[in-house]
Amino acid sequence: MNSQTRKSIIQGPAGALEIALDAPAGLSRGMAIIAHPHPLFGGTMDNKVVQTLARAFLHCGWTAVRFNFRGVGGSAGSHDEGRGELEDLLAVVQHVAPIAGGEAGEGGNALALAGFSFGAFVTTHAFARLDPVRPIEKLVLVGTSVSRAPAAPIDAAAHLKTLVVHGEQDDTVLLPAVFDWARPQALPVTVVPGGGHFFHGQLPLLKNLVIRHLSSLPL
């Protein structure tokens with residue numbers, strides 16, 4: 001993402017996992033793990049929406065951690081329709097923000113999760129797995145895939161720390177399908193007028209929406 005981006009390989013459930021870390025100047029507020037869109041449709045950690053999310057977190061003082069799901073880039077293995085990818089995400093969390101012994105690793109104790117498209121779908125399931133056992137300070141879901149596979153519901157107690165953003169004219173994940181997922185939960189959805197799946201021409205707006213969410217104080 002920039003000249004200070006630190007790329008490395010960690011051990012994941014299917015072998016090597018490629019990660020990229022960007023740290024803010026000064027003390028980090030915590031670790032933000034960001035998941036990329038569908039690997040079979042060209043999704044990688046260098047996707048523009050994923051990088052926009054990383055820049056928003058970095059702007060707000062978080063250490064932004066992107067990674068390639070299994071079978072993408074330098075990550076070993078092959079696509080597993082979300083099952084193995086969930087384990088990949090959890091492995092990244094355990095590596096950069098472990099909770100064993102009460103220590104959270106580099107970047108302090110706070111943890112945030114974010115994802116785009118397929119990555120948002122996987123992130124909902126990671127949140128459902130992690131939220132009962134450790135605090136998740138912020139959750140950001142963009143263009144959430146809810147049609148190919150069901151995204152996990154978000155616990156009502158976590159709605160105030162959750163941002164769901166979707167493009168009005170998204171033709172990859174239709175907005176009515178997202179409302180069908182969100183409506184039973186009474187989970188708010190922020191709709192970007194005229195926005196498509198990849199937010200072409202609207203990435204600065206997306207970044208500002210995320211920054212505003214990250215800067216808000218919990219009630």
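Because the structure is a prediction, the values reported are computed rather than measured. Starting from 1, residues in each chain are numbered consecutively following that chain's sequence as written. Two thresholds apply to this predicted model, a pLDDT of at least 70 for residue-level local features and 80 or more for giving and counting side-chain atom pairs, whereas whole-chain, interface and lining totals are computed over all residues. Values reported for side chains reflect all heavy atoms of the structure, with hydrogen atoms and water molecules removed beforehand.

## Describing the sheet that holds strand β7 (residues 162-167)
Sheet strands pair by backbone hydrogen bonding; their relative direction is either parallel or antiparallel. The rule for pairing is simple: two strands pair if DSSP sees at least two bridges between them. Helix and strand labels come from DSSP, where a helix needs a run of H or I of at least four residues and a strand needs a run of E of at least two; each type is numbered from the N terminus. Within the open sheet, the eight strands sit side by side as β1-β2-β4-β3-β5-β6-β7-β8. Their pairing is mixed. What marks the edges here is a single partner per strand, and that holds for β1 (6-12) and β8 (190-192). Averaged over all adjacent pairs, the angle separating strand axes in this sheet is 20°, with direction ignored. The pairing of strand β6 (residues 138-142) with β7 spans four bridges and is classified as parallel. The residue of β7 that forms the bridge with Leu139 is Thr162. Contact between two residues is taken to exist if any of their heavy atoms lie within 4.5 Å; hydrogens are not considered. Angles here are taken between N-to-C directions and fall from 0 to 180 degrees, while the axes themselves are lines fitted to C-alpha atoms, restricted in helices to the stretch in contact. Its contacts with the sheet place helix α3 (residues 118-130) against β3 (31-35), β5 (111-116) and β6, and it is angled at close to 150° to β5.

## Some details on the side chain of Gln51
If you trace the backbone, Gln51 turns up in helix α1 (residues 48-59). Among the polar contacts made by the side chain of Gln51, one reaches the main-chain carbonyl oxygen of Asp46 at a distance of 2.7 Å. Polar contacts, as counted here, are pairs of nitrogen or oxygen atoms within 3.5 Å of one another; within protein the pair requires one atom able to donate a hydrogen and one able to accept it, and residues that are adjacent in sequence qualify only if both atoms are side-chain atoms.

## Some details on helix α2 (residues 83-96)
Multiplying one less than the number of residues by 1.5 Å gives the expected span of a helix. When the terminal C-alpha atoms of α2 are compared, their 21 Å separation across 14 residues agrees well with the 20 Å that a helix rising 1.5 Å per residue should span. Three exposure classes are used, based on accessible area relative to the maximum for each residue type with a 1.4 Å probe and protein chains only: buried under 20%, partly exposed in between, and exposed over 50%. Counting buried positions over the 14 residues of α2 gives 10, a clear majority of the element. Listing the buried residues of α2 in full gives Gly84, Glu85, Leu86, Asp88, Leu89, Leu90, Ala91, Val92, Val93 and Val96. On its buried face, α2 is in contact with β1, β2 (15-22), β3, β4 (63-67), β5 and α3.

## What about the packing of α1 against helix α5 (residues 203-215)?
Relative to each other, α1 and α5 sit at 40°, their axes nearing to 9 Å. The angle between the axes of α1 and α5 places the two elements in the oblique class. Judged by the sense of rotation from one axis to the other, the crossing of α1 with α5 is right-handed. Here Lys48, Val49, Thr52, Leu53, Arg55, Ala56, Phe57 and His59 of α1 lie close against α5, whose contacting residues are Leu203, Leu206, Lys207, Val210, Ile211 and Leu214. Split into classes, the residues belonging to the contact of α1 with α5 amount to nine nonpolar, two polar and three charged. Should an angle fall under 35 degrees it is called roughly parallel, over 145 degrees roughly antiparallel, and 65 to 115 degrees roughly perpendicular, with every other angle called oblique. Working rule for handedness: look at the near helix, and if it is turned counterclockwise from the far one by less than a right angle, call the crossing left-handed; if clockwise, right-handed. Note on residue classes: Ala, Val, Leu, Ile, Met, Phe, Trp, Tyr, Cys and Pro are nonpolar, Asp, Glu, Lys and Arg are charged, and everything else, Gly too, is polar.

## So, the nonpolar core
Side chains of nonpolar character tend, in soluble globular proteins, to be buried together. By size, the foremost hydrophobic cluster in this structure holds 42 residues, and its most contacted members are Ile33, Leu89, Leu111, Leu113 and Trp181. Only β2, β3, β4, α2, β5, α3, β6 and α4 (175-182) provide two or more residues apiece to this core. Non-local contacts of Leu89, meaning those with residues more than four positions away in its chain, are made with Ile33, Ala35, Phe67, Leu113, Val122, Thr123 and Ala126. For our purposes a nonpolar core is just a set of buried Ala, Val, Leu, Ile, Met, Phe, Trp, Tyr and Cys residues, chained together by side-chain atoms within 4.5 Å. Among the nonpolar cores identified, the runner-up in size contains 27 residues, and Val50, Leu53, Ala56 and Ala64 belong to it.

## Focus on the pattern of salt bridges
Here, a salt bridge means any side-chain nitrogen of Lys or Arg that lies within 4 Å of a carboxyl oxygen of Asp or Glu. Under the counting rule described, the total for this entry stands at nine salt bridges. Of the charged contacts in the structure, one is a salt bridge between Arg66 and Asp22, with a shortest N-O distance of 3.6 Å. Of this pair, Arg66 sits in strand β4 while Asp22 sits in strand β2, and the two are 44 residues apart along the sequence. Overall, Arg66 belongs to the buried group, its relative accessible area being 0%. Given a relative accessible area of 1%, Asp22 falls into the buried group. Among the salt bridges present, the one from Asp88 reaches Arg70, with a minimum N-O distance of 2.9 Å. Residue Asp88 is found in helix α2, and its partner Arg70 is found in the loop between β4 and α2; the two are separated by 18 residues along the sequence. Classification of Arg70 by relative accessible area gives buried; the value is 11%. Several salt bridges share partner residues, and in doing so they unite Asp22, Asp46 and Arg66 into one network.

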